[in-house]
Structures are given as structure tokens and as C-alpha cells.
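What the coordinates show
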Amino acid sequence: MIEFEYHNPTRIIFGRDAVPQIGPAARVYGKKALFIYGRQSIKKTGLYERVATSLRGAGLEVVEYPGVKANPILSHARAGVDLAKKEKVDIIVAVGGGSVIDEAKAIAAGAVTDTDIWEFFESRAKIQEALPIVTLLTICGSGSEMNNGMVLTNEEKQAKFGLRAPCLYPKVSILDPTVTFTVPPDQTAYGAVDAFSHVFEVYMAREDLDTPIQEGIMESLMKTVVTRAPQAVENPRNYTARADLMWASSLALCGITFSGAGPLALPCHMIEHALSALYDMAHGEGLAIVMPGWMRYMVDRKRGVLDRFAIKVFGAKSPEEGIEALEKWLVSINCPVRLSQAKIGEKEISRLVQNAYQLAEVWDLSDFYTPRVIEEILRLSL
Ligand code: NZQ
Ligand code: ZN
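First, a word on scope: everything that follows refers to the structure included in this document. As the structure is a prediction and not an experimental result, all values here were calculated from the model.

Brief notes about the overall build of the protein chain
Scanning the protein chain from N- to C-terminus turns up 15 helices and 8 strands. Across the 382 residues of the protein chain, 59% fall into the buried class. Residue pairs in contact within the protein chain that sit at least 24 positions apart in sequence constitute 78% of those at least 6 positions apart. A gap of 5 Å separates the mean positions of the 41 positive and 46 negative side-chain charges of the protein chain.

Encoded structure:
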């Protein structure tokens, strides 16, 4: 067990009919809320009314900030910071998925400083404080509702970077699985793949392999996602499948899996962010393409842990069979497993390598993940 400090301050309110608790929960932290949400889903599903009523019913003044796009962009976050400052809000309420919650975190941090938020993403400044954040999760996968991370795309630089800071943990997150009943099958699958990869990458990157506690938790989380995702894709209103996927997604990146097992390293994410930055691909879709290629590249370097993964998660008899089983699962939930399926060919490789390598340097992964290694992994994903 490697020494660690674990502190996750986010209060989780989980279950059916948890939505009306958002107003009272938020009112504890502020009087004037910036209510941030995406493009149209919460209006179409009727969730908008329920949240707005709860916030105002709890005595909060509400300033709305809609329009967060999937793979959230810096320009929209910067405008949100300006609005938060102009309106002097004292709490951020985010209703959506990882994109909305991540942008909300960036606005919460930007609203209390004169530093431009992109400085934080390129590690030229450190986030010291942020407005309190309360979230209501509407699609599961990113884990942002229960962690201190956020990811933003600088659309001018075509750079999609992520960072973590202790003050970015939401104070409270409302997790009502019934709210995810309306998530379409493709987004359901992409969220499941994202949650799976958060666990898979930590499982593979562990420095200390003799960590049966973390290993058992991770194997259980991966197996749950593998079992529940096809059920939720098939029947979007399957409460048990949705509830397990929601809780597994939150636990996948809340810190419990990597505490004691070694630093958090997400190499598949480092490469996937290039796909999202350059092609605006859904994050989980990109991971479905990158993960098998990464496994094929690492199969001899990580044979032992890949062997255990294959047996424990898929009941497969070898790492090679484990890779096949993973691909079969991904195909079963209609995910691409090759760059060619996303119409990305050989001539795009060098642009992808260059983009991914800039994040490898920011994330301190560039010793091993040189441009040549990244290229080989991408070639195995063609
Ligand atoms: O914009 P609207 O209209 O709301 O539509 C959204 C969006 O288009 C839709 N949606 C959300 N809830 C819905 C719904 N549609 C119907 N019913 C609902 N209940 O789904 C689409 C995708 O939403 P998005 O928030 O982008 O998905 P997700 O939660 O997968 O978040 C992906 C983002 O999270 C980041 C990714 O990079 C990506 O930008 N991540 C954040 C992390 C973190 N903070 O720790 C770590 C992750 O590895 C990940 O990188
Ligand atoms: Zn992810």
C-alpha cells in the first residue's frame, strides 16, 4: 500500500425523487445562484422547470447560463466567468453531465480571481479557491459530480486539457437515476465506456500491484459497468441498470480506486483528448477506439495485470482473449473500436500524435509516451 491522503467532501443525495432537494441543498451555500445547463435536454425532459422551481422555492435568486456544449469550450466558460462576476453570484448550480459540471467548475474558479482560467489548464497558475458548486447529474460517466477534476477545450489552440484542484469538489451532488432515463443509447454507451476506462486505466497503471482492496473494488466496478450498460442501452428505463451505472461512474473517479495504489495516470485519456479536441468526438466514443489499441501495444509490458483483468472482468483465458472480449462488449453497445469507423485514416495520425503529445507533457507522461509510442498506439487503433 503506497501512502496516500483521501478526502472526498462531496455529499451525495442518491435515489428516485431526489431532484426537489437541489434548492434546499444549494441554499445552504449561497443566496444568488448561477444556474448552468446544456443545450436543450433539460428543457425537453421537463427537468428545467423542476429545478428552477426548487431553487426559487428555497429562496435563491437565479441567474441562468445555458448553452454548454458537449466537450465544453473555453470561450463559453470565459463568458460565464464574466456573467458570474457581473451578477455577483455566490454559488454555482450545474445541471447536466460532465460537460456542464466541468464548465461550472471552471466558472466557479474563474469567478473569484483575475487570472484567466486557461492559465490553470497550462499549469501557469494554480487554482486556490472557487465558488461553492452544487450539481444535479443528468447523464453518468465522467464522474465529475464527485471529483475535483475538470476538462475544457481551448478551441483556438485545439487543445483539450484537464486538471484537478481540491476546491473543485462539488459541495453536494444530486444523483437521481430516473433523470437518466432520457439519455439516448449512444450517450448511455459513451458514458459507460468513460466510467469503465477511469477504472481500467488506474487498474493498469498501478505502481503497487499487491493492493487487493483497490483491485477488488475496481474489478467489481468494471464488471458492473460491463453488465449494466447493455441493459440500459436496451431498456433506457431500467432503474436498476441506470442506478448501478450512475453509482459506478461516480465511484470510478472519486479517488477511492487509486488511493494507496499509486498516482492517477490516464494514458488512454491523454490520447483520446486529441480525438475530442480535433474532431469534437464524444469522449467515451474516443476511448472505445483508443483502449483496445493501447492494450495491444502494452500486452507484453503488462502481461501479468492484463491476464488478471481478462480473467476477473471477462472470464477470458489470456490477455489476447481479454482484448477481444473488451472489443466484443464495446461493439455490443454500438461503439466504434477503430479509427477507420470514425473515418479517421493514416494521414491524420501525425496531427493526432502532435496534439496528444502536448498533453503528455502537461500531464507528465511524456517520458514513456513519446511521439513514437503514441503513433504506434494510434496505428494499432486504425
Ligand atoms: O446539452 P444537452 O442538450 O443537455 O445534451 C447533452 C449532451 O449533448 C445530453 N444529455 C445530458 N443529459 C441528458 C442528455 N440527453 C438526454 N437526457 C439526459 N438526461 O448528452 C450529451 C452529452 O453530455 P456530456 O455532459 O457531454 O456527457 P458526459 O457526462 O459524458 O461528459 C463528457 C465530458 O466530461 C469530461 C469529458 O472530457 C467530456 O468533456 N470528463 C470529465 C472528467 C472529470 N471532470 O473528472 C473526467 C472524464 O474523464 C472526462 O474527461
Ligand atoms: Zn473520462
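Focus: the state of the cysteines
By definition, a disulfide links two cysteine residues through a covalent bond between their sulfur atoms. This model, assessed by the stated rule, comprises 0 disulfides. In this structure Cys-268 is not part of a disulfide, and its nearest cysteine sulfur, from Cys-335, lies 14 Å away. Overall, Cys-268 belongs to the buried group, its relative accessible area being 1%.

Some points on helix α8 (residues 212-234)
Note that an α-helix has 3.6 residues per turn; residues three or four places apart therefore point the same way. With 23 residues, α8 extends 33 Å from end C-alpha to end C-alpha; this agrees with the ideal 33 Å at 1.5 Å per step. Along α8, the helix axis deviates most sharply at Arg-228, where the bend reaches about 25 degrees; the proline Pro-230 sits within four residues downstream. Taken together, the buried positions of α8 are occupied by Gln-214, Glu-215, Met-218, Glu-219, Leu-221, Met-222, Val-225, Val-226, Ala-229, Ala-232 and Val-233. Buried residues in α8 make contact with α7 (185-205), α9 (239-252), α12 (303-314) and α13 (319-332).

Digging into the coordination of the zinc ion (ligand 2)
Taken together, the protein donors to the zinc ion (ligand 2) comprise Asp-194 (OD), His-198 (NE2), His-269 (NE2) and His-283 (NE2), at separations of 1.9 to 2.2 Å. Of note, the zinc ion (ligand 2) draws all its donor residues from one chain, in the sequence arrangement D-x3-H-x70-H-x13-H. One end of the pair, Asp-194, is in helix α7; the other, His-283, is in helix α11 (residues 283-298), and 89 residues separate them in sequence. Assessed through its relative accessible area of 16%, His-283 is described here as buried.

Focus on the environment of Ala-342
By the element assignment, Ala-342 lies in the loop between α13 and α14 (349-362). Between the C-alpha atoms of Ala-342 and Leu-55, which are 287 residues apart in sequence, the distance is 41 Å. Every residue in contact with Ala-342, bar those within four places of it in the chain, is listed here: Met-281 and Ile-289.

A closer look at the packing of aromatic side chains
Throughout the structure, instances matching the rule amount to 14 aromatic pairs. Taken together, a centroid distance of 6.0 Å and an interplanar angle of 70 degrees make the contact between Phe-14 and Trp-247 edge-to-face. Remark: Trp-247 occurs in helix α9 and Phe-14 occurs in strand β1 (residues 11-14); sequence separation between them is 233 residues. By relative accessible area, Phe-14 is classed as partly exposed at 36%. A relative accessible area of 34% places Trp-247 in the partly exposed class. Across the ring face of Tyr-239, the terminal group of Arg-16 is positioned such that the distance to the ring centre comes to 3.8 Å.

Thoughts on the side chain of Asp-176
Note on placement: Asp-176 falls in the loop between β8 (172-175) and α7. Despite its burial, Asp-176 pairs with no opposite charge; the closest candidate is Arg-50, at 4.5 Å N-O. A distance of 3.4 Å separates the side chain of Asp-176 from the backbone nitrogen of Ala-18, its partner in a polar contact. Those residues in contact with Asp-176 that sit more than four places away from it in its chain are Gly-15, Arg-16, Asp-17, Ala-18, Val-19, Arg-50 and Met-246.

A short note on a nonpolar patch on the surface
There is a patch of nonpolar side chains on the surface, built from Met-1, Phe-4, Tyr-6, Ile-213 and Ile-256 and spanning about 490 Å² of accessible area. Relative to the elements of secondary structure, Ile-213 occurs in helix α8.

Observations concerning the pairing of strand β7 (residues 159-164)
Where burial is concerned, most of β7 is hidden: 5 out of the 6 residues are buried. Two elements, strand β6 (residues 149-154) and β7, share 6 bridges in a ladder whose sense is antiparallel. Considered in β7, the bridge of Leu-152 is made with Phe-161. With antiparallel pairing between neighbouring strands as the criterion, β6 and β7 make up a hairpin whose turn holds 4 residues, including Gln-158 at a positive phi of roughly 50 degrees.

What about the site of ligand 1?
Lining the immediate environment of ligand 1, one finds 32 residues, of which Ser-41, Gly-98, Ser-99, Asp-102 and His-198 sit closest. Ser-99 has a polar side-chain atom sitting 2.6 Å from an oxygen atom of ligand 1. Side-chain polar atom of His-269 to an oxygen atom of ligand 1: 2.8 Å apart, as the coordinates give it. Protein contact buries 88% of the 960 Å² of open area that ligand 1 shows by itself. Elements with a contribution of two residues or more to the shell around ligand 1: α5 (98-110), β6, α7 and α10 (267-279). Looking at the shell around ligand 1, its residues break down into 10 nonpolar, 18 polar and 4 charged.

Parameters at a glance
Residues numbered from 1 in each chain as written. Chains lettered and ligands numbered in written order. Predicted model: local features only at pLDDT ≥ 70, side-chain atom pairs only at ≥ 80, totals over all residues. Heavy atoms only, no water. Helix = DSSP H or I, 4+ residues; strand = E, 2+ residues; numbered from the N terminus. Buried < 20%, exposed > 50% of the residue type's maximum accessible area, 1.4 Å probe, protein only. Contact = heavy atoms within 4.5 Å. Lys, Arg positive; Asp, Glu negative; His and termini not counted. Charge placed at Lys NZ, Arg CZ, Asp CG, Glu CD. Disulfide = S-S within 2.5 Å. Expected span 1.5 Å × (residues − 1). Bend = angle between axes of the 7 residues up to and from the residue. Donors = N, O, S within 2.8 Å, 3.2 Å for Na, K, Ca; no water. Phe/Tyr/Trp six-rings, centres within 6.5 Å; stacked < 30°, edge-to-face > 60°. Lys NZ or Arg CZ within 6 Å of the ring centre and 35° of its normal. Salt bridge = Lys/Arg side-chain N within 4 Å of Asp/Glu carboxyl O. Polar contact = N/O pair within 3.5 Å; in protein donor to acceptor, adjacent residues only side chain to side chain. Patch = residues over 30% accessible without salt bridge, like charges linked within 9 Å, V, L, I, M, F, W, Y side chains within 5 Å. Areas by Shrake-Rupley, 256 points an atom, 1.4 Å probe, with all protein chains shown as cover. Pairing = 2+ DSSP bridges. Near = heavy atom within 4 Å. Nonpolar A, V, L, I, M, F, W, Y, C, P; charged D, E, K, R; others polar.

Function cannot be inferred from these measures alone, as they are strictly geometric.
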